[in-house]
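Topology and contacts: notes
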There are 2 protein chains.
Amino acid sequence: MKPALNQWTTKRWTVAEAVDGCVRHGLEAIGLWRQEVAAQGLAESVRLVRDAGLRVSSLCRGGFLTSGSKEALDDNLRAIDEAAELGAACLVMVVGGLPGIPAGQAPSEGFSRDLAGARAQVAEALSVLAPYAGERGVRLALEPLHPMYCADRAVLSTLGQALDLASPYPSSQVGVVVDTFHVWWDPSVYEQIARAGERIASYQVCDFLQPLPSDVLLGRGMMGDGVIDFAPLTKAVLEAGYTGDIEVEIFNADVWAAEPDTVMATMKERFAALVA
Amino acid sequence: MKPALNQWTTKRWTVAEAVDGCVRHGLEAIGLWRQEVAAQGLAESVRLVRDAGLRVSSLCRGGFLTSGSKEALDDNLRAIDEAAELGAACLVMVVGGLPGIPAGQAPSEGFSRDLAGARAQVAEALSVLAPYAGERGVRLALEPLHPMYCADRAVLSTLGQALDLASPYPSSQVGVVVDTFHVWWDPSVYEQIARAGERIASYQVCDFLQPLPSDVLLGRGMMGDGVIDFAPLTKAVLEAGYTGDIEVEIFNADVWAAEPDTVMATMKERFAALVA
C-alpha cells in the first residue's frame, strides 16, 4: 500500500511540482488544495493530474459555513464545481468555528459564543450543498477537527457528531474524514469508525506532536514523531470497508522547511513502517 | 451565588494567605492544592480553614495512575487521607497521560503509545482507590481533561468516558468534575451532564482562550476573556441536581502576575455577571 500525498505536506511545491513529485516517487494519488489549484489554473491542474495518471484523492477544502453568509455558501458551490472538474474522490469540509473568530486569531468584536447555533448553521448549509454535490457527482467529506480547534476552525469535533450530521444524506453525497491527528484521543473512535462504514470518504494520517508547538495548527508531525499508534486505526478503517487512498497531510514548520523530495522519501518510509 | 476560590487562581498565595483572602472577599469555600497544603502543613491547613469557617470544595489532586506504579498508587492513598483530614468535598483526579510522557514535556525514551492500555490502568487503579476512599468518607472526582492534554495529562477525555469509568461505584465514592474549559466543545455535553446527575462532584469554571497561548496548559482565562457561553452550562449542572460550590480555577500567566486581591475582585464580578 502506498500513501497519497496531500499537497500541504510539501507546501512549497506548486500543483505542477507536486504532481511531478508524486510521479517521480511512484505515488498514485494526490490531495490538492483549492488555492494552489487556482494559482496553477483549474484546467491546467486537471490536465496535469490526468496526464500523470494520478487519482485526486481529495480537494481541500470547502466549509467555513457557520456565519451563514451567502458568500460562504456560494464559495462552497464553486468548490463543488472544482472538485467535479478535478474528479476528486471527495471535497473535504472544514465547517468553521464560532462566527466572528478568524482561524488562528483572536475573536473579532461582536463574535458569537453560540456554539449550538453555529452547529445548526452547518446543518442548514449542508441541506443546500449536499444535493448540489450529488448532482455533480461530488462527495462531501465532513471532517471532525480536534476539539482544540472548535472555537476558530471547526465546531464539528467528533466522528460521531460528523456521522450524525451526514446521516440524512446518501453516503455517496456526504461522507466523513477520519484524520488520525483529530480523532486518536476519542474514547469512542473505534466504535464510530465501525459505525461509519462506507461513510468514510477519506483517511488521512499524520502524528500528534507532544508538546504542541506554539501555533497549535502546526502540531501535526511526520508519522513516528508523535504519540499516535497508527496500526489499530488503519486496521479499523480498513475493516470498516474503506478502500480509498490514504493521504499523508502534515502541517509542520520543520517539514515545510525541509527539501520536499526528502519529505517524500521519509513519508514513504514511515508510512510503510507505521501506517500500512 | 458566590464562587469558591480554587487556590491555583491566586497561585502566589500560600494556604494561609488564600484562606485570609477568601474571608476578606466574603467567599465561603476554597479548593486547595496538595503541594500548598504540604508547604503550610496539613494540620495547620485544617486549622486555618476550620477557624475561618470555610468549606473545602476540593483537594487537587490525585491521579497520574497510568504508569501502574505502586508509588503512584500509594501517593493516591495519601491524597485520600489528606482529603479526609481536610473534610474536602472531593479529591480531584487527573488520571495521567500515556506512560512515559511527563506533563507538558516531550515523551521519554521508551514511552508508550498504548492509549487503551493506559485507560485500562486507570480503571484498575480505581478499583483499589474507590473502596479506600469510601472507607474514609472521601469522594473521588474523575476529571475529564480537554483532549489536547490526552497524551501527557489525562487519557480521560470526555464526561461520558468519566461516567462510564465511575459507573461501577456508588456515586458517594466516585463522582466526576465538570470543568467548563475541558468540556465546552463536546457535542454531547448537555446529554452527559443530565446523565451525570448526582455524580457531579465538582463544577469548575474558567474560560477557553482563543488563540491558545504557547503553553497550552495556560489557555485557561478569566470568565469573559474567552469563547465559552457559561450560562447554559451552569443551568444544566444545576438542573442535574448539583448543589455544591462552583470553583473558579484559572491557569494563566497574566492572572498569576496580577495582584491576587485584584484577581479576587474581578473573579467575583465576572462570576456574578456570566456564571451564576
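Scroll up to find the structure this text is about.
Keep in mind it's a predicted model, so treat the numbers as computed, not measured.

Some details on the sheet that holds strand β4 (residues 91-94) of chain B
Residue and element names in this part refer to chain B. Read around the closed barrel, eight strands run β1-β2-β3-β4-β5-β6-β7-β10, paired in parallel fashion. For this sheet, the mean inter-axis angle between neighbouring strands, taken without regard to orientation, is 30°. In this structure, strand β2 (residues 29-33) lies alongside strand β3 (residues 55-63), joined through five bridges in parallel fashion. The residue of β3 that forms the bridge with Ile30 is Val56. Along the sheet face, helix α6 (residues 159-166) touches β5 (140-142) and β6 (174-179) and points at about 170° away from the line of β6. Contacts from helix α11 (residues 260-275) reach β1 (3-6), β7 (200-205) and β10 (246-248) within the one sheet, and its direction differs from that of β1 by about 135°.

A few points about the side chain of Ser45 of chain B
With respect to the helices and strands, Ser45 of chain B occurs in helix α3 (residues 42-52). In contact with Ser45 of chain B, not counting residues within four places along its chain, are Val15, Val37, Gln40 and Leu86 of chain B.

Let's talk about the packing of helix α3 (residues 42-52) of chain A against helix α4 (residues 70-86) of chain A
Residues and elements named next belong to chain A. With their axes 9 Å apart at the nearest point, α3 and α4 run at an angle of 30° to one another. Seen along the crossing, α3 lies across α4 with a hand that is right-handed. Two secondary-structure elements touch here, α3 through Leu42, Ser45, Val46 and Arg50 and α4 through Glu82, Glu85 and Leu86. Of the residues in the contact of α3 with α4, the class split is three nonpolar, one polar and three charged.

Focus on the pattern of salt bridges
Enumeration over the complete set of coordinates arrives at 38 salt bridges over all chains. Between Glu249 of chain A and Arg220 of chain A there is a salt bridge whose closest N-O contact spans 3.2 Å. Note that Glu249 of chain A is positioned in the loop between β10 (246-248) and α10 (253-257) and Arg220 of chain A in strand β9 (residues 220-221), a separation of 29 residues in sequence. Using a relative accessible area of 2% as the deciding quantity, one classes Arg220 of chain A as buried. Taking the shortest distance from any N to any O, the salt bridge between Asp164 of chain B and Arg195 of chain B comes out at 2.6 Å. With a gap of 31 residues between them, Asp164 of chain B in helix α6 and Arg195 of chain B in helix α8 (residues 189-196) connect regions that are remote in the sequence.

Quick look at the packing of helix α4 (residues 70-86) of chain B against helix α5 (residues 115-135) of chain B
Residue and element names in this part refer to chain B. Between α4 and α5, the shortest axis-to-axis distance is 10 Å and the interhelical angle comes to 20°. Judged by the inter-axis angle, α4 sits roughly parallel to α5. Between α4 and α5 the crossing geometry is right-handed. Between α4 and α5, the residues in contact are Leu73, Asn76, Leu77, Ile80 and Asp81 and Ala125, Val128, Leu129, Tyr132 and Ala133, respectively. Taken together, the residues of the contact of α4 with α5 break down into eight nonpolar, one polar and one charged.

A closer look at the interface of chain A and chain B
Contact with chain A, which involves 35 residues of that partner, is made by 35 residues of chain B. Taken over both partners, the interface formed by chain A and chain B buries close to 2,500 Å², and the fraction arising from carbon and sulfur atoms is 66%. When the buried surface of chain A facing chain B is broken down by residue, Arg113, Trp185 and Gln210 of chain A rank first, second and third, together holding 24% of it. Linking chain A with chain B are zero salt bridges.

Thoughts on unusual backbone geometry
All names here are of chain A. Note that the residue after Gln210, namely Pro211, is joined by a cis bond; omega there is -5°. Tracing the backbone shows Pro211 in the loop between β8 (207-208) and β9. Unusually for a residue other than glycine, Phe64 sits at a positive phi of about 50°. Checked against the element boundaries, Phe64 lands in the loop between β3 (55-63) and α4.

Regarding the sheet that holds strand β6 (residues 174-179) of chain A
Residue and element names in this part refer to chain A. With parallel pairing, eight strands are arranged side by side around a closed barrel as β1-β2-β3-β4-β5-β6-β7-β10. On average, each strand axis in the sheet is tilted by 30° relative to the strand beside it, whichever way the strands run. α4 rests against β2 (29-33), β3, β4 (91-94) and β5 (140-142) of the sheet, and its axis sits at about 175° to β3. Against the sheet, helix α6 (residues 159-166) contacts β5 and β6, and its axis sits at roughly 170° relative to β6.

A short note on the relation of the copies chain A and chain B
Screw-axis analysis of chain A against chain B gives a translation of 0.0 Å along the axis, an RMSD of 0.0 Å, and a rotation angle of 180°. Such a combination of rotation and displacement between the chain copies is what one expects of a two-fold axis. Taking C-alpha positions as the reference, the residue of chain A nearest the rotation axis is Ser214 of chain A, at 2.0 Å. Mapped onto chain B, 100% of the interface residues of chain A are again interface residues, and the two copies thus contact each other with one and the same surface.

Calculation notes
- Every chain is numbered independently, its residues counted from 1 as its sequence is written.
- Chain letters and ligand numbers both follow the written order, the letters beginning at A and the numbers at 1.
- The model is predicted, so local features are restricted to residues of pLDDT at least 70 and side-chain atom pairs to those at 80 or more, both for listing and for counting; the totals for chains, interfaces and linings are taken over all residues.
- The side-chain numbers reported here are obtained from all heavy atoms of the structure, hydrogens and water having been left aside.
- Strand pairing is assigned whenever DSSP identifies at least 2 bridges connecting the two strands.
- Elements are defined by DSSP. Helices are runs of H or I of four residues or more, strands are runs of E of two residues or more, and each kind is numbered from the N terminus.
- Every axis in this analysis is a line fitted to C-alpha atoms, fitted for helices over the stretch in contact. Angles between the N-to-C directions lie between 0 and 180 degrees.
- Contact definition: two residues touch when any of their heavy atoms are within 4.5 Å.
- If you view the pair so one helix is near and one far, a crossing is left-handed when the near helix is turned anticlockwise from the far one by less than a right angle, and right-handed when it is turned clockwise.
- For this classification, Asp, Glu, Lys and Arg are treated as charged, while Ala, Val, Leu, Ile, Met, Phe, Trp, Tyr, Cys and Pro are nonpolar and the rest, including Gly, are polar.
- Counted as salt bridges are all cases of a side-chain nitrogen of Lys or Arg within 4 Å of a carboxyl oxygen of Asp or Glu.
- Classification of residues uses two cut-offs on accessible area relative to the type maximum, computed with a 1.4 Å probe and protein chains only: under 20% is buried, over 50% is exposed, and between them is partly exposed.
- Roughly parallel covers angles under 35 degrees, roughly antiparallel covers those over 145, roughly perpendicular covers 65 to 115, and oblique covers all other angles.
- Buried area: the accessible surface (1.4 Å probe) lost by two parts on joining, summed over both.
- When the copies are overlaid, the least-squares fit takes in C-alpha atoms only where the residue has pLDDT of at least 70 in both copies.

Distances and angles like these do not, on their own, reveal function.
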